[in-house]
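Reading the structure
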Amino acid sequence: MASTVVGAGFDLGSIPTADELGHELYALIRELYPLNRSLTGNGNRESFAILRRHAPFEVVEVPSGTPAFDWRVPREWNVREAWIAGPDGERIVDWADSNLHLLQYSISVDETLSLEDLRPHLYSDPAHPDWIPFRTSYWDENWGFCLSDRQLDSLAPGQYEVHIDATLADGSMSYAEAVLPGTTEESVLVSAYSCHPSLANDNLSGMALVTLLAKYLAHMPHRLTFRFLLSPGTIGPITWLSRNEDVVPSVRHALTCVCAGDEGDLTYKLSRDGDATIDRAVRRALLDEGKPHTIEEFVPWGGDERQFSSPGVGIPTGALMRSPHGAYPEYHTSADDLDLVKPERLADTFQTYLRVLDILDSNVTYTSTNQWGEPQLGRRDLYPKVSAGIDVGGDIDPRPMLWVLNLADGRHTLLDMAERSGFAFAPLRAAALRLEEHGLVERAGGEEL
Amino acid sequence: MASTVVGAGFDLGSIPTADELGHELYALIRELYPLNRSLTGNGNRESFAILRRHAPFEVVEVPSGTPAFDWRVPREWNVREAWIAGPDGERIVDWADSNLHLLQYSISVDETLSLEDLRPHLYSDPAHPDWIPFRTSYWDENWGFCLSDRQLDSLAPGQYEVHIDATLADGSMSYAEAVLPGTTEESVLVSAYSCHPSLANDNLSGMALVTLLAKYLAHMPHRLTFRFLLSPGTIGPITWLSRNEDVVPSVRHALTCVCAGDEGDLTYKLSRDGDATIDRAVRRALLDEGKPHTIEEFVPWGGDERQFSSPGVGIPTGALMRSPHGAYPEYHTSADDLDLVKPERLADTFQTYLRVLDILDSNVTYTSTNQWGEPQLGRRDLYPKVSAGIDVGGDIDPRPMLWVLNLADGRHTLLDMAERSGFAFAPLRAAALRLEEHGLVERAGGEEL
Amino acid sequence: MASTVVGAGFDLGSIPTADELGHELYALIRELYPLNRSLTGNGNRESFAILRRHAPFEVVEVPSGTPAFDWRVPREWNVREAWIAGPDGERIVDWADSNLHLLQYSISVDETLSLEDLRPHLYSDPAHPDWIPFRTSYWDENWGFCLSDRQLDSLAPGQYEVHIDATLADGSMSYAEAVLPGTTEESVLVSAYSCHPSLANDNLSGMALVTLLAKYLAHMPHRLTFRFLLSPGTIGPITWLSRNEDVVPSVRHALTCVCAGDEGDLTYKLSRDGDATIDRAVRRALLDEGKPHTIEEFVPWGGDERQFSSPGVGIPTGALMRSPHGAYPEYHTSADDLDLVKPERLADTFQTYLRVLDILDSNVTYTSTNQWGEPQLGRRDLYPKVSAGIDVGGDIDPRPMLWVLNLADGRHTLLDMAERSGFAFAPLRAAALRLEEHGLVERAGGEEL
């Protein structure tokens, strides 16, 4: 089905193959992986600079101390050097090896301590003794190092030299946003958090996927306004909300993109209401694709959906991911690395996102120009000429058309029709477009703002 | 329970026995079977003339070319002769043997053709090689013959003489309607299509059943206005709608009657909404009768319900049948003959229709004259005098009365009470009438128009 | 969790132990057991006099003949003596042995009859041949005796002397009510019928339980107004309704307390609507306690709920009991005695009642003072300082707080939050109180009147 009508289905011919997409996503992740991201800092700015080469992001800098509802934008954190040297003078833990080694937002230290005094500043994960855990102390002034439990166990008594050369000072917090205006203000927000350092699945996969969605949709006609947001967890979406109170009412659907590249099946976490259009669009995409998947109930913890689902905000926000964060062993450890994410899984997740957005973009209501009785399809070559009674085989299967006509009362969207009829979204949309070409239905509208 | 109150239950004593009903229905079908019905023509008029001897039908003639929404009433078709003679001059297919042999709405032809040239005009059904299929070309000018696949296979090469002597010319389309006014304008429409020639189950069974419903209800007091309609498929109900726009709002329930006489269990196809009063009345009748049955979801193809369920019409219309059309092998073939329908199955279907209409006719709300606390049933001899606490055995089972009293708030109909309580419709209606006789409840109303 | 805020949870420290409660309840039942209660009479007055020593009941006397909707308060019945002497002059049945022996509301008789003439006045229960059944003839002037079926069978032919010395005369009907005003007019009614003579489970257990609820709640701060009612079956609640038409609209929840002390698991009979707040509070209490239990659908027969659920009254009324009345063999027989009820079961039922009332008392809505985005819990020491991402273990489990914040939109009550989140009522209430202390949520309201 080809159409030049806006909202009649994305022009998928302009999208690369799954294989190409997978490699493009993976290459982005590999490029971003070494940078030291956090709530703030130069690692975030460098990351956004890379992503701006692909998609029309604007980077917003919000000064430290700027109020955002109950919060204030934190001081900016930048690290130059951080290590521990052991009793024999050798560096046993070095931030230069892995940026996970440093407790995020650690302040500068230059001290020599006994192992006993050092111990409260060391974080390990006994359940996974070979991996470095990822720990943060964003809002409480502190310092610390993360290391494998095996290494922690092997530390001999003695004096340890600790050196952290970091700046925690007024500066700014960066976030990136791309807006692709459609023909309506009704908009979809796709967001990912951008505050994790060398962690591939959680959540460089999300940053890469959101970037390429923005890249490819930027060159397609579309009905909805698309918004893509990359910002640090919690304070990022809260700050965005505080600067976009006028925009929020038009954001009718949101998806948060996390853990998009691991081997797990797709998982969808429902929005707070559980039956919003975004929930129905994702379910429809997953059903029509026939992919194995899991649907999870909403809980008010997780990613950006925590903030977008606040009582006064109420943007219907789902989270579409592979393995849910927290539910795979490598989560928030050094094992969430470049081996954990796979090009083909990244491409698979991307394609479902694209299908969801495509469904939302076409999800309008129709009004039949014949409200009383069916129109005469036969004389428009839309019905078999010689009839055997039940005419569902043959060249023309009139059933999707009959469903559209029956539900073209200006109240049922194409999603409603798909749910009601059991037909997939695509043949119903094709039928609606065909009927529209013959003047038998008219587009009535989308989600009214 | 006997009552002279209108809406208090049909006087079933005036209905013949099941055995008599079955034979009366079967005799009607047998009489109608040979006539050449189609969208239009004298076969339809002759059929209605027979049915008018039984029920108070009015026959309406609508001139060819009359507009009906997106359609026009077609030209009238009448056939005098139609046959094919083989290379040896013998008539191998003759409309005089079976009116299924002729593609409906064939134009006149008088030609000699090679088998190769004839072939595109011949229709058979390879899946059932001994049966003649039924095919129509109502809206596309054409000619053709239907024959068994076995016969088609046996045709030898050579020259074939084709002769069709038919008139396709301006005339009129006939339909028949019987209206039995009740004490309210709230009305029920029972319809069947009348356009099939020698096909017994689909749908002479429906024509006969609708006719006898009209016959027997014409002599009973009733609350609802009953409308019975026999008209050719698609164009019939569309034309009826176009001439009855003022009537439609009062039609609150409709049933289309098809395939009423085969060996299958009863099947009910739900209305577009799925929970309209007609759906609930049919479910209740089937449950209370304890008959095995199947409930099917609405789809916008099938019989007259296609048109009555158009978005702008919105008459809640179910289809109550035995084997659904299209779902039994003999459908639309010469095997749908007088052997396929059985008197006892016809009577069984008739009785369920009668029960459905009886339920709808009594389906009113009640208001208790004691809104606070129960009335004192004991002093009206409606409660056991010596009480053991839970008084459900004995001569009086007060439970249906207690349900009616509890739900007699002017909002619950008897159908609501049956669904809520788990009691059948009959004991609840009996309880309501008994309470009404004692002045303890008052009839509040039916479906408000 | 301790709080002095009204509606923040009962002060359970002032409630005796389960063991003490069980014995206190049992002792009350034992004291009430021998008295001859009925719809009216001195046995009822003596019973209320005992109960007034425990709880602040007011006893209301309503004169015989007083109209109450469709009813009139009956004459008062008092018995002095009642017996049958056999052919040999020996007393074979004597009311002095068991007040169940006399058909309730029997009039005075002094007669000698043949066994044949006596027989219609004798009631037994062949299904339980050793037990005396309980029978009443409140509204039909009559006399009779109840005896075991074994004894009835053994009666020899001959002349029997029957002596009943009873007064059935104008007087008054007594009922008892205790009202504990809260800080809102929204009220809960807990009622039990008080008309059964020597029957322990049905329903002295209910009278005792209602009395001790009133006793202990009288000394606790509470938000809701509590009403406790003990009155004779049917005519009692109907009379109460007729005298409290102005009070009824504020009664938003009611429980009828029957059969509270047998060995059976708890049973809850739903209110007429089935999803009223009382239904949800009882389900929540039972789930949170983890007690085995059964939920039964509403039917319009049973105890006081029959009257409170009348269409014009519409107080959402559930019945919380152990074995449902009528569903255990000893029901309404002499075997429903002091052995059938157990102190520990009485205490168990009492505790569930207390939990239900506690839930209702705290069931308010909250409004977050931060409607956009989460508040910063960390700086108020309500969130772990060093974060591992999913912070559900450790000293602080923030999840109940996050649920309360997410649903603190002024529309969700704590019950809604419990149902939505899967958390028990207690931790959510604790979270709400903690957030309230920090000024992060405000109490929005209860059930609006």
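The present account deals with the structure reproduced in this document. (Residues numbered from 1 in each chain as written. Chains lettered and ligands numbered in written order. Predicted model: local features only at pLDDT ≥ 70, side-chain atom pairs only at ≥ 80, totals over all residues. Heavy atoms only, no water.)

**Remarks on the pairing of strand β5 (residues 91-94) of chain A**
All names here are of chain A.
- Where strand β4 (residues 76-85) lies against β5, 3 bridges are found, and the strand directions are antiparallel. Looking at β5, one finds that Trp-83 is bridged to Asp-94.
- What sits between β4 and β5 in their antiparallel hairpin is a turn of 5 residues, with Gly-89 showing a positive phi close to 85 degrees. (Pairing = 2+ DSSP bridges. Helix = DSSP H or I, 4+ residues; strand = E, 2+ residues; numbered from the N terminus.)

**Description of the packing of helix α1 (residues 18-32) of chain C against helix α2 (residues 42-52) of chain C**
Residues and elements named next belong to chain C.
- Across the interface, α1 lies against α2 with an axial gap of 10 Å and an inter-helix angle of 155 degrees. Taken together, the axes of α1 and α2 lie roughly antiparallel to each other. When the axes of α1 and α2 are compared, the crossing they make is right-handed. For the pair α1 and α2, the contacting residues are Leu-28, Glu-31 and Leu-32 in the first and Ser-47, Ile-50 and Leu-51 in the second.
- When its residues are assigned to classes, the contact of α1 with α2 shows 4 nonpolar, 1 polar and 1 charged. (Axes fitted to C-alpha atoms, helices over the stretch in contact; angles between N-to-C directions. Parallel < 35°, antiparallel > 145°, perpendicular 65-115°, else oblique. Left-handed = near helix turned anticlockwise from the far one by under 90°. Contact = heavy atoms within 4.5 Å. Nonpolar A, V, L, I, M, F, W, Y, C, P; charged D, E, K, R; others polar.)

**Overview of the interface of chain C and chain B**
- If you look at the interface, chain C gives 33 residues, while chain B gives 27 residues.
- Across the interface of chain C and chain B, roughly 2600 Å² is buried in total on both sides, 53% from carbon and sulfur atoms.
- For chain C, the biggest contributors to the area lost against chain B are Asp-70, Arg-272 and Trp-301 of chain C; these three give 26% of the whole.
- At the junction of chain C and chain B, the tally comes to 4 salt bridges.
- Here Arg-380 of chain B ties to Asp-70 of chain C by a salt bridge, and the two come within 2.7 Å at their closest N and O atoms.
- Breaking the side of chain C that touches chain B down by element, the ones donating at least two residues are α6 (235-243) and α8 (305-308) of chain C.
- Among the residues forming the side of chain C that touches chain B, the class breakdown is 16 nonpolar, 11 polar and 6 charged. (Buried area = accessible area lost by both parts, 1.4 Å probe. Salt bridge = Lys/Arg side-chain N within 4 Å of Asp/Glu carboxyl O.)

**A few points about the pairing of strand β16 (residues 317-321) of chain C**
Residue and element names in this part refer to chain C.
- Among the 5 residues that make up β16, 5 are buried, leaving the element largely enclosed by the rest of the structure.
- Residues Thr-317, Ala-319 and Met-321 line one face of β16 and the alternating positions Gly-318 and Leu-320 line the opposite face, and both faces are buried.
- Across 4 bridges, strand β13 (residues 251-257) lies against β16 in parallel orientation. What sits directly across from Thr-256, in β16, is Ala-319.
- Bridge analysis of strand β14 (residues 266-269) against β16 gives 3 bridges, and the strand direction is antiparallel. By the bridge assignment, Lys-269 is partnered in β16 with Ala-319. (Buried < 20%, exposed > 50% of the residue type's maximum accessible area, 1.4 Å probe, protein only.)

**Quick look at the interface of chain C and chain A**
- Contact with chain C, which involves 27 residues of that partner, is made by 33 residues of chain A.
- At the boundary of chain C with chain A, total buried surface from both sides reaches about 2600 Å², with 53% on carbon and sulfur atoms.
- Sorting the residues of chain C by area buried against chain A places Trp-372, Glu-374 and Asn-406 of chain C first, and these three jointly supply 30% of that buried surface.
- Our enumeration of links across chain C and chain A arrives at 4 salt bridges.
- Linking Arg-379 of chain C and Asp-70 of chain A is a salt bridge whose minimum nitrogen-to-oxygen distance equals 3.0 Å.
- Across the contact surface, chain C and chain A share 15 residue pairs in polar contact (both at pLDDT 80 or more).
- Elements supplying a minimum of two residues to the side of chain C that touches chain A: α10 (399-407) and β18 (409-413) of chain C.
- Tallying contributions element by element places α10 of chain C first for the side of chain C that touches chain A, with 6 residues.
- Considering only residue class, the side of chain C that touches chain A consists of 12 nonpolar, 8 polar and 7 charged. (Polar contact = N/O pair within 3.5 Å; in protein donor to acceptor, adjacent residues only side chain to side chain.)

**Remarks on the relation of the copies chain C and chain A**
- Aligned on chain A, chain C shows an RMSD of 0.1 Å; the corresponding rotation is 120 degrees and the shift along the axis is 0.0 Å. Taken together, these values place the two copies in the relation of a three-fold axis. Measuring from the rotation axis to each C-alpha of chain C, the shortest distance belongs to Asp-275 of chain C, at 12 Å. (Least-squares fit on C-alpha atoms with pLDDT ≥ 70 in both.)

**Some thoughts on helix α5 (residues 200-217) of chain A**
- Here α5 of chain A contains 18 residues, and its C-alpha end-to-end distance of 24 Å stays within 8% of the 26 Å for a straight helix at 1.5 Å per residue.
- Judged by how many residues are buried, α5 of chain A sits mostly within the fold: 17 of 18 residues are covered. (Expected span 1.5 Å × (residues − 1).)

**Observations concerning the state of the cysteines**
- Scanning all chains against the criterion turns up 0 disulfides over all chains.
- Cys-259 of chain C takes part in no disulfide bond, and the closest cysteine sulfur, belonging to Cys-257 of chain C, lies 9.0 Å away. (Disulfide = S-S within 2.5 Å.)

**Regarding the sheet that holds strand β12 (residues 225-231) of chain C**
Residue and element names in this part refer to chain C.
- Taken in spatial order, the 8 strands line up as β1-β10-β12-β11-β13-β16-β14-β15 in an open sheet, and their pairing is mixed. Taken across any chain shown, the strands that pair with only one partner, and hence form the sheet edges, are β1 (58-63) and β15 (293-296). On average, adjacent strands in this sheet sit at an angle of 20 degrees to one another, irrespective of strand direction.
- Strands in contact with α2 are β1, β10 (172-180) and β12; relative to β10, the strand with the most contacts, it is inclined by about 20 degrees.

**Quick notes on the environment of Leu-230 of chain A**
Residues and elements named next belong to chain A.
- Within the element layout of this structure, Leu-230 appears in strand β12 (residues 225-231).
- Judged by relative accessible area, which is 0%, Leu-230 ranks as buried.
- When the C-alpha atoms of Leu-230 and Arg-80 are compared, they prove to be 25 Å apart, with 150 residues separating the residues in sequence.

**A closer look at the sheet that holds β18 of chain C**
Residues and elements named next belong to chain C.
- Pairing is antiparallel across the open sheet formed by 3 strands, whose spatial order is β18-β17-β19. Looking at strand neighbours, the two that pair on one side only are β18 and β19 (441-445), the edges of this open sheet. Between one strand axis and the next, the sheet turns through 35 degrees on average, direction left out of account.
- Relative to β19, strand β17 (residues 365-368) runs antiparallel, the two being bridged by 4 bridges. Pairing of Ser-368 across the sheet is with Val-441, part of β19.
- The sheet strands contacting helix α11 (residues 414-421) are β17 and β18, and the helix crosses β18 at an angle near 70 degrees.

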